[in-house]
Amino acid sequence: MMQSNPKKRHRTINHRYFSSASASASNTTATTRLSSTAAIIDSLSDKTVTETSQKRRLDTSFNDPTTADVILHLVLDPTAPLADDSVSVFDDPSDDVQIYLHSHILTRAKYFSALLSDRWKNNNTTTTTTNNNFISLKLNVPPTQNSIENRLTVLQLLYTDEFTAVITSPSIALDILPVALELLFEECVKNCVKFLEAVPWCEEEENRVVNLIPTLNTEESEVLLARVRVSQDNKNNSNNDNALCEEMLYGLILYAMHNHPNTAYVKAFVAKVLRDVSNRESARIVLERAFEESLKVVKESMEEYTSPDFRGVDYNETEAIQRVNLHTALTNGKHLLWLVERMIDLKVADNAVIEWSEQSGFTGDLQRAFRDDASRNIVPGLPNVVLRCTAKLANAVASGSILAPRQVRMKLVKDWLPVLIVCKDNVPPMSVSHRSLYLELEETFLKIISTLPMSDAQELLQQCLSFSTRNVEDCPHLVNAFNTWFRRAMRPPQRNLF
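The rules behind these values
Position numbers for residues count from 1 along each chain, tracking the sequence in the order it is written. A pLDDT threshold of at least 70 governs which residues receive local features in this predicted model, and a stricter bar of 80 or more applies before side-chain atom pairs are shown or counted, although totals over entire chains, interfaces and linings include all residues. Side-chain figures throughout are based on the complete set of non-hydrogen atoms in the structure, without hydrogens or water. UniProt positions are given in the numbering used here, feature names are shortened, and annotations may be inferred rather than shown by experiment. Going along the chain from the N terminus, every DSSP run of H or I of four or more residues is numbered as a helix, and every run of E of two or more is numbered as a strand. Partly exposed describes any residue whose relative accessible area lies between the buried limit of under 20% and the exposed limit of over 50%, with all areas from a 1.4 Å probe on protein chains only and scaled to the type maximum. All accessible areas in this document rest on Shrake-Rupley with a 1.4 Å probe, and a residue is counted as covered only by the protein chains that are shown. Helices are assigned an expected span. That span is 1.5 Å times one less than the residue count. Think of it this way: the bend at a residue is just the angle between two axes, each fitted to seven residues, one set ending at that residue and the other starting at it. When checking whether two residues touch, look at their non-hydrogen atoms; a contact exists if any pair is within 4.5 Å. Each axis is a line fitted through C-alpha atoms, and for a helix only the stretch in contact is used; angles between axes span 0 to 180 degrees, taken between their N-to-C directions. When the near helix sits turned anticlockwise from the far one by under a right angle, the crossing is termed left-handed; a clockwise turn instead gives a right-handed crossing. Note that Gly is not counted as nonpolar here; it falls among the polar residues with everything else outside the nonpolar set of Ala, Val, Leu, Ile, Met, Phe, Trp, Tyr, Cys and Pro and the charged set of Asp, Glu, Lys and Arg. Strands are treated as partners if at least two bridges between them are detected by DSSP. Here a polar contact is taken to be a pair of N or O atoms separated by no more than 3.5 Å, where protein atoms must pair a possible hydrogen donor with a possible acceptor and residues adjacent in sequence count only if both atoms sit in side chains.

Under an unreviewed UniProt entry, the chain has the name Protein binding protein, putative and belongs to Ricinus communis. Taken from UniProt, the Pathway (unreviewed entry) comment for the chain reads in full: "Protein modification; protein ubiquitination." If you open the UniProt record of the chain and go to Function (unreviewed entry), you find "May act as a substrate-specific adapter of an E3 ubiquitin-protein ligase complex (CUL3-RBX1-BTB) which mediates the ubiquitination and subsequent proteasomal degradation of target proteins."

In structure tokens form, the structure reads like this:
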């Protein structure tokens, strides 16, 4: 047995301590491989078991002084800085923890294999031989939380192949993995990585994994990197770093609109995902893409419905095709409304307003369809969906949420005002909400008209006479609009002060 040093106190670990050693807490500071040590180990021979250990009994057990040939001292590293969350792992800085181990077991870790080799022992101050022929080793321990427990757990794993009995949670794997890397205990490293690759992580655990990845070899790091980062192949196939995120968002939007039976619930969830996306530009790109696709389908369906090419064909066939066109327009119109709402909610509807203001051909097809009794009977809800899209965008412009250029504001009213007038004249409101929609859109158009130059406002206000009612008092918004225009028209010119 080693002679006790009067200036140094030793604490010997007993067997009962290790019943809970594998359940150590998290927050161990990540350590890196000793690259210089690894280089030395690669040049060493396989002869690492000492003559002393060969004389010991083979039925060895962890921390057994009767069969051990190695005494390992866990010593507080005097050079390591104290962290804010560090705890006192020793009663006194001169203390150490003393463990009885076996050299032929320790050589499972390449770090100890190097220390116990003949070439290393002769020139190593951390390896000495006691009077009782014990090999004395010293291992520095950082003053961090659970640093002793984590090292004892890894040392105990040298005595068993039952890694699954100890590595039972991501936090345990992350606690002992830095120690296994430090000691070059490859079996333990592989089992920790294997466990981490197969189980879910919380956000804190994921951050710890990311910090540990640089200390792993290429094969081990690639396994974990695939969970947290875009592969290089995907990056090379993308024009920007956000392409994968955008494709994911676009796929969610398409699935919510077209492929899920519970469309309303899924759309609500996808809307939340879009709100939570930190990159607003990615949300803009995918929503504009989906908006353009849905608008294209609605436009093509209405164009086919109003096309004269279908006239004169077999009546039953024509009616079937027209029904398909109208129902396609209605379904995609509902998707279009949802997309408009999402874009306004995220304040990324600027381009949608511009696109909506450039639809003279589309609005012409809508007017022809809404005058047709057949279309109103087949899809009575289509006018309401189209006008709601228009109202959402127009309200955003009128309120200043979207600062549209003057030409866009003028074209928005000029193209869509006739659609509203046709609906008022030919599509009787089916409910109070429909009448409210008509009134809301009238007021919004009049507000936008008030922002235009006098000549443009004059032209558009004349088309708004259909907003009038039997009782003039029932259309105050129209009265106010004309009063505003005439007040401005009769305002005396101001003298040029310059």
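Bringing the overall build of the chain into the picture now. Tallying secondary structure elements over the chain gives 24 helices and 5 strands in all. The buried share of the chain, reckoned over its 498 residues, is 46%. A total accessible area of about 26700 Å² is found for the chain, and carbon and sulfur atoms account for 50% of it.

With that out of the way, let us pick up helix α8 (residues 170-182). End to end, α8 covers 19 Å across 13 residues, agreeing with the expected 18 Å (1.5 Å per residue, within 8%). By the largest-angle criterion, I176 marks the main kink of α8, which is about 30°, and a proline, P178, follows within four residues. Summarising burial for α8: 12 of the 13 residues are buried, a large majority. Listed in full, the buried residues belonging to α8 are P170, I172, A173, L174, D175, I176, L177, P178, V179, A180, L181 and E182. Looking at the packing, one finds that the buried side of α8 touches α4 (110-115), β5 (135-141), α6 (147-157), α7 (163-166), α9 (186-198) and α10 (203-212). A positive backbone phi angle near 55° is found at L184, which sits one or two residues after α8.

Attention now moves to the packing of helix α20 (residues 382-399) against helix α22 (residues 432-449). Their axes nearest at 9 Å, the elements α20 and α22 cross at an angle of 35°. Read as a crossing pair, α20 and α22 show a hand that is left-handed. Contact residues: N384, L387, R388, T390, A391, A394, N395, V397 and A398 in α20; H434, L437, Y438, E440, L441, T444, F445, K447 and I448 in α22. Considering only residue class, the contact of α20 with α22 consists of 10 nonpolar, 5 polar and 3 charged.

On to unusual backbone geometry, then. At N63, a position not held by glycine, the phi torsion is positive, near 60°. Along the chain, N63 turns up in the loop between α2 (51-55) and β2 (70-76). Judged by relative accessible area, which is 3%, N63 ranks as buried. Residue K347 is not a glycine yet carries a positive backbone phi of 60°. Mapped onto the secondary structure, K347 falls in the loop between α16 (315-345) and α17 (350-356).

Strand β3 (residues 96-101) sits mainly inside the fold: 6 of its 6 residues count as buried. Neither face of β3 is left uncovered, since the one carrying D96, Q98 and Y100 and the one carrying V97, I99 and L101 both have all their residues buried. Across 6 bridges, β2 lies against β3 in antiparallel orientation. Each residue of the ladder has a partner; that of H73, found in β3, is Q98.

This next bit is on the environment of H73. Residue position: H73 is located in strand β2. Judged by relative accessible area, H73 falls into the buried class, the value being 6%. With 23 residues separating them in the primary sequence, H73 and D96 have C-alpha atoms 6.0 Å apart. At 3.3 Å, the side chain of H73 and the side chain of S136 are in polar contact.

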